[in-house]
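Report on the structure
Here is what each chain is made of, one letter per residue.
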Amino acid sequence: MFNYIWPLAVIVLSNVVYQICAKGIPSQMNTYASMTVTYAVATFFSAAAFFAIAKDKNIFKEFAYANWATIVLGIVITGLEVGFIYAYKAGWKVSVLATVANGLLAIALIFVALFLYHEAINWSKLLGLVLCLAGLFFINR
């Protein structure tokens, strides 16, 4: 059970700190300069974690396993970061932005799950979709 829960706890804690940091980027700082610093730090910590836990310390061997998803993930993560930073600079509130974005994400992923992964859509998921839409309506009132 612990192996099931701890990643979720890391995601939630990291997302809370992420939102605080994204909101805290100075408005006068160029967003892409900020992202360069952010990803330099992320690169350092990712490499340090690799060398701390990997049995085979040949990181270049691991790089050979990279595929299109690894490359595209880097691009879309940049889009995520930039989107949040610009949204905060535009005046979105921390209490609203992530909730709205994640509600819309939940709705979009229902269709991704259906069409790309052929996951079943049941009444429970449809009710969740309706509740997400209702929640988005009320949070934006």
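Residues numbered from 1 in each chain as written. Predicted model: local features only at pLDDT ≥ 70, side-chain atom pairs only at ≥ 80, totals over all residues. Heavy atoms only, no water.

Some points on the pattern of salt bridges
For the record, the criterion: Within this document, salt bridges are pairs made up of a side-chain nitrogen of Lys or Arg and a carboxyl oxygen of Asp or Glu, the two lying within 4 Å of each other. Relative accessibility decides the category of a residue: with a 1.4 Å probe and only protein chains considered, values under 20% of the type maximum give buried, values over 50% give exposed, and everything between is partly exposed.
With the rule as written, the count across this model stands at 1 salt bridge. Residue K61 is joined to D56 by a salt bridge in which the shortest nitrogen-to-oxygen separation is 2.8 Å. Judged by relative accessible area, which is 39%, K61 ranks as partly exposed.

Observations concerning the nonpolar core
Applied cut-off: Among buried residues, those of type Ala, Val, Leu, Ile, Met, Phe, Trp, Tyr and Cys that are joined through side-chain atoms within 4.5 Å constitute a nonpolar core. Secondary structure follows DSSP: runs of H or I at least 4 residues long count as helices, runs of E at least 2 residues long count as strands, and numbering of each begins at the N terminus. By the convention used here, residues are in contact when the closest approach between their heavy atoms is within 4.5 Å.
Listed in full, the 10 residues of the largest apolar core are Y18, A22, I25, M35, V82, F84, I85, A87, Y88 and L97. Of all the secondary structure elements, the ones that give two or more residues to this core are α1 (2-24) and α4 (68-89). In terms of residues, this core owes the most to one element, α4, which gives 5 residues. Each residue touching F84, except ones within four places of it in the same chain, is listed here: Y18, Q19, L97, A98 and A101. V96, V100, I107 and L129 belong to the second-largest nonpolar core, a separate cluster that totals 6 residues.

Quick word on the layout of surface pockets
Short version of the rule: Think of a 1 Å grid over just the protein atoms. A cavity is a set of points where a 1.4 Å probe fits yet cannot get out, a pocket is an open set with protein on both sides within 12 Å along at least five of seven lines, and lining residues have an atom within 4 Å of a point. Grid points are joined across faces, edges and corners, and a volume is the space filled by probe spheres set on the points. Three classes are used: nonpolar for Ala, Val, Leu, Ile, Met, Phe, Trp, Tyr, Cys and Pro, charged for Asp, Glu, Lys and Arg, and polar for all others, with Gly counted as polar.
Estimates place the volume of the largest pocket at around 820 Å³. Around the largest pocket, the lining comprises 24 residues; the ones closest to its centre are S14, N15, Y18, L80 and E81. Contributions of two or more residues to the lining of the largest pocket are made by α1, α2 (31-53), α4 and α5 (94-115). In terms of residues, the lining of the largest pocket owes the most to one element, α1, which gives 9 residues. Classifying every residue of the lining of the largest pocket by side-chain character gives 17 nonpolar, 6 polar and 1 charged. Quantified by volume, the second largest pocket comes out at close to 430 Å³. Forming the walls of the second largest pocket are 14 residues, and the residues nearest its centre are A42, T43, S46, F63 and T70.

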